[in-house]
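Now for the letters of each chain:
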Amino acid sequence: MDLETLLMPFNFAFMQKAFLISIIVSVPTALLSCFLVMKGWALMGDAVSHSVLPGIVLAYIVGIPLIVGAFAAGMLCAVLTGYLSNNSRVKQDTVMGVVFSGMFGIGIVLYVSIETNAHLDHILFGNMLGVETDELWTAGVISVVVGASLVLKWRDWLLHSFDPAQAQASGLWVNWLHYGLLAALSLTIVATLSAAGLILAIGLLIAPGAIAFLIVRKFSTMLWVSVLVCMVSMVLGTYASFFLDSAPAPTIILILTALFIAAFLRRQILTRRASAQRVVQTNP
């Protein structure tokens, strides 16, 4: 390919917006993924991402901004999951599975029962190539708010993720940290609606942190490595989708999956080498 062909995607306005939304949403999703991975909340991200659908449909019916309905539904799922897990013998992951599948089913039933010009596949899988200017502004504001909150208070949320009892003994407001993280999760999912959609948002909320966890050992380093991995993957996936004639969101997820596999294999090789060296040192 010549240089003109390689630069062709940057000449179209819809591709420029796609690249911009990729850069914007990569920051909060990557930062949040680190805390979800460390806290073991991968399924919580999946649950909230699926549960915002009924909120979106109800917001459309009532005539309020979709972001309001999506955020309210996400927080309802998180609070309901916490209440049920704390007041029953059922484990939290089981409760999350029941709650998010139930709310997702309600969303599907509501959607097919009304007449709307909105495309369900855009909500589920994203419409990165059709991003509007107002969606860029919404995602940008959410990215700044969530990103700044996580960066400024990352030590508090890290302690809460590892040891909530120690966090409470240290004088931290544990409930504020807990629901603050859930609110950040709901807002971030709202920001990724136009980019990745509900179903693929979970990939952006888990893969960057998981990849960084396999590469580095310090959590502070893990934060910026995850942002770098997510941003490069999103821009590269969007760029590749132009020439492959594929949807950007699935292409991005495939790149993140490939990077995770590569990071996993790298860690396995390094672990085996370290084990072999210890054997040699103990048995000269």
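What counts and what doesn't
- Residues numbered from 1 in each chain as written.
- Predicted model: local features only at pLDDT ≥ 70, side-chain atom pairs only at ≥ 80, totals over all residues.
- Heavy atoms only, no water.
- Helix = DSSP H or I, 4+ residues; strand = E, 2+ residues; numbered from the N terminus.
- Rg over C-alpha atoms; globule rule 2.2 N^0.38 Å.
- Buried < 20%, exposed > 50% of the residue type's maximum accessible area, 1.4 Å probe, protein only.
- Contact = heavy atoms within 4.5 Å.
- Areas by Shrake-Rupley, 256 points an atom, 1.4 Å probe, with all protein chains shown as cover.
- Lys, Arg positive; Asp, Glu negative; His and termini not counted.
- Charge placed at Lys NZ, Arg CZ, Asp CG, Glu CD.
- pLDDT = per-residue confidence, 0-100.
- Expected span 1.5 Å × (residues − 1).
- Core = buried A, V, L, I, M, F, W, Y, C linked by side-chain atoms within 4.5 Å.

(A) Spatial organisation of the overall build of the protein. Along the backbone of the protein there are 13 helices and zero strands. In sequence order, the protein lays out its α and β elements as α-α-α-α-α-α-α-α-α-α-α-α-α. Its C-alpha atoms give the protein a radius of gyration of 20 Å, near enough to 19 Å, the size a compact globule of 284 residues would have. Its C-alpha atoms give the protein principal-axis dimensions of roughly 75 × 65 × 30 Å. Within the protein, buried positions represent 45% of all 284 residues. Counted over contacts in the protein with a minimum sequence separation of 6, partners at least 24 positions apart contribute 77%. When the accessible surface of the protein is summed, it comes to about 14,700 Å², and 67% of that surface belongs to carbon and sulfur atoms. In the protein, the 13 positive side-chain charges and the 12 negative ones have mean positions that sit 25 Å from each other.

(B) Main features of the confidence of the model for the protein. Overall, the prediction assigns the protein a mean pLDDT of 83, with 95% of residues at 70 or greater. Helix α6 (residues 120-125) is the least confidently modelled element of the protein, averaging 68 in pLDDT, while helix α12 (residues 219-244) averages 92, the highest of any element.

(C) Region of interest: the side chain of S233. Structurally, the position occupied by S233 is in helix α12. The contacts of S233, once residues within four sequence positions are left out, are I252, I255, L256 and L259.

(D) Summary view of helix α13 (residues 248-282). Taking 1.5 Å per residue, 35 residues should reach 51 Å; α13 reaches 51 Å between its end C-alpha atoms and fits that length. Those residues of α13 lying buried are P248, A249, T251, I252, I253, I255, L256 and A263.

(E) Inspection of the nonpolar core at higher detail. Counting 76 residues, the largest nonpolar core has L32, F35, L150, L185, L198, F219 and L256 as its most contacted members. Setting aside chain neighbours within four positions, we find F35 in contact with L150, W154, W157, L158, S161, L181, F219 and L223.

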